[in-house]
Amino acid sequence: MENDVKTAAIVLAAGKGTRVGGEIPKQYIEVAGKPVLAYCLEAFEKSSIDQVIIVSGEDETDYIEDEIIGPYGFRKVADVVPGGSERYFSVLNGLKTLAEMDGEDTPDYVLIHDGARPYITKDGVEKMILAVSEYDAAVAAEPSKDTVKITDDDGFVISTTDRKVTWQVQTPQAFAFADIYQAYKQIVEPLTEGNGKITDDAMVYEAAFPERKIKLINLEEENSKITTADDLEIMRLRFEK
Ligand code: CTP
Ligand code: MG
């Protein structure tokens, strides 16, 4: 029955934010008096997601409990678990946490989201939940505004892609839980060190299930990632009045 379908979110906050720089990782920097991480947690809290797992740095779990979950009253956060040295190891830890829950709490679907993408809204989350229940694999994305070229290692053009079929992918990346967990166990768990080539969750799914389809969903709203200090400045301009 539709009502029994359970959906979880894994929110990633185990990165160091080296490109933004500064003392603390970007997801904990305050914008308009609120840590960047709290923005997306608010969207998940308001949405029909059943539970949220936060993946953070090992020594950051207390801070998240005391300074974010407590004060903002995020009731849906079921656990805060340590991440790994690469984004995909952090995701694997989040997936394992969900897999180890009591049978009845294991989700049917999971949305994997970058804690550094603060603009996601409740509506955006709902669109992804609908999409994943229809397609089993759905990824937030935006049609490429610029023409994209493929180059060699020295920056010389090899070919030009058709802009009509070129997208920039974002998060949430949403999957049937059993499938993405199986894919991560098959592709990511055997890796001993970072290979640098896996840059999103869909790639893991593609590698495990080459014959399956992944639907890209244009959320048609701002959903960029805080990557550089400039991005943080833009966020301040938007939220600090
Ligand atoms: N992330 C994670 N675990 C890692 C690396 C990244 O959970 N080992 C998370 C980040 O916290 C972020 C998201 O994945 O929410 C996207 O990664 P990115 O923008 O690259 O963040 P950082 O790795 O923190 O930044 P940088 O690459 O500049 O160091
Ligand atoms: Mg990174």
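For the structure, see preceding data.
Quick caveat, the model's predicted, so the values are computed rather than measured. (Residues numbered from 1 in each chain as written. Chains lettered and ligands numbered in written order. Predicted model: local features only at pLDDT ≥ 70, side-chain atom pairs only at ≥ 80, totals over all residues. Heavy atoms only, no water.)

### Quick word on the environment of Phe 177
As for its position among the elements, Phe 177 is in helix H5 (residues 177-187). With relative accessibility at 5%, the residue Phe 177 sits in the buried group. Remark: the alpha-carbon pair of Phe 177 and Gln 51, spanning 126 residues in sequence, is separated by 13 Å. In this view, Phe 177 contacts Leu 95, Leu 98, Ala 99, Thr 106, Pro 107, Asp 108, Tyr 109 and Val 110; residues no more than four positions away in its chain are not counted. (Helix = DSSP H or I, 4+ residues; strand = E, 2+ residues; numbered from the N terminus. Buried < 20%, exposed > 50% of the residue type's maximum accessible area, 1.4 Å probe, protein only. Contact = heavy atoms within 4.5 Å.)

### A word on a negative patch on the surface
Taken together, Glu 30, Asp 62, Glu 65, Asp 66, Glu 67 and Asp 79 make up a surface patch of like negative charges. With four residues, the top contributor of residues to the negative patch is helix H2 (residues 61-72). Turning to its location among the elements, Glu 65 is positioned in helix H2. Judged by its relative accessible area of 38%, Glu 65 falls in the partly exposed class. (Patch = residues over 30% accessible without salt bridge, like charges linked within 9 Å, V, L, I, M, F, W, Y side chains within 5 Å. Areas by Shrake-Rupley, 256 points an atom, 1.4 Å probe, with all protein chains shown as cover. Salt bridge = Lys/Arg side-chain N within 4 Å of Asp/Glu carboxyl O. Lys, Arg positive; Asp, Glu negative; His and termini not counted. Charge placed at Lys NZ, Arg CZ, Asp CG, Glu CD.)

### A word on the sheet that holds strand S4 (residues 51-56)
A sheet is described by the order of its strands in space; here seven strands give the open sequence S5-S4-S1-S6-S10-S7-S11, paired in mixed fashion. At either margin of the open sheet sits one strand with a lone partner, and together these are strand S5 (77-82) and strand S11 (215-218). On average, each strand axis in the sheet is inclined to that of its neighbour by 25 degrees, with strand direction left out of account. Direction of pairing for S4 relative to S5: parallel, over a ladder of five bridges. Counterpart to Val 52 in the pairing with S5 is Val 77. Each of strand S1 (7-13), strand S6 (109-114), strand S7 (137-143), strand S10 (167-176) and S11 touches helix H4 (residues 122-135); the most contacted strand, S7, lies at about 130 degrees to it. (Pairing = 2+ DSSP bridges. Axes fitted to C-alpha atoms, helices over the stretch in contact; angles between N-to-C directions.)

### What about the site of ligand 1?
In the vicinity of ligand 1 lie 19 residues, with Gly 17, Thr 18, Arg 19, Ser 90 and Lys 225 positioned nearest. Ala 14 is positioned such that a nitrogen or oxygen atom in its backbone is 3.0 Å from an oxygen atom of ligand 1. One of the backbone nitrogen or oxygen atoms of Gly 115 is found 3.2 Å away from an oxygen atom of ligand 1. Expressed as a share of its isolated accessible area of 560 Å², the protein-covered part of ligand 1 is 87%. Secondary-structure elements contributing two or more residues to the shell around ligand 1 are S1 and helix H3 (87-99). For the shell around ligand 1, the residue count by class is four nonpolar, eight polar and seven charged. (Near = heavy atom within 4 Å. Polar contact = N/O pair within 3.5 Å; in protein donor to acceptor, adjacent residues only side chain to side chain. Nonpolar A, V, L, I, M, F, W, Y, C, P; charged D, E, K, R; others polar.)

### Let's talk about helix H1 (residues 36-46)
The element H1 is extensively covered by neighbouring structure, given that nine of its eleven residues are classed as buried. Regarding H1, the residues found buried are Val 36, Leu 37, Ala 38, Tyr 39, Cys 40, Leu 41, Ala 43, Phe 44 and Glu 45.

### Some remarks on unusual backbone geometry
In this model, Thr 171 is joined to Pro 172 through a cis peptide bond whose omega is 5 degrees. Relative to the helices and strands, Pro 172 resides in strand S10. With a phi close to 50 degrees, Ala 32 is a non-glycine residue in the positive phi region. Mapped onto the elements of the fold, Ala 32 is located in the loop between strand S2 (30-31) and strand S3 (34-35). Even without being a glycine, Asp 136 presents a positive backbone phi close to 70 degrees.

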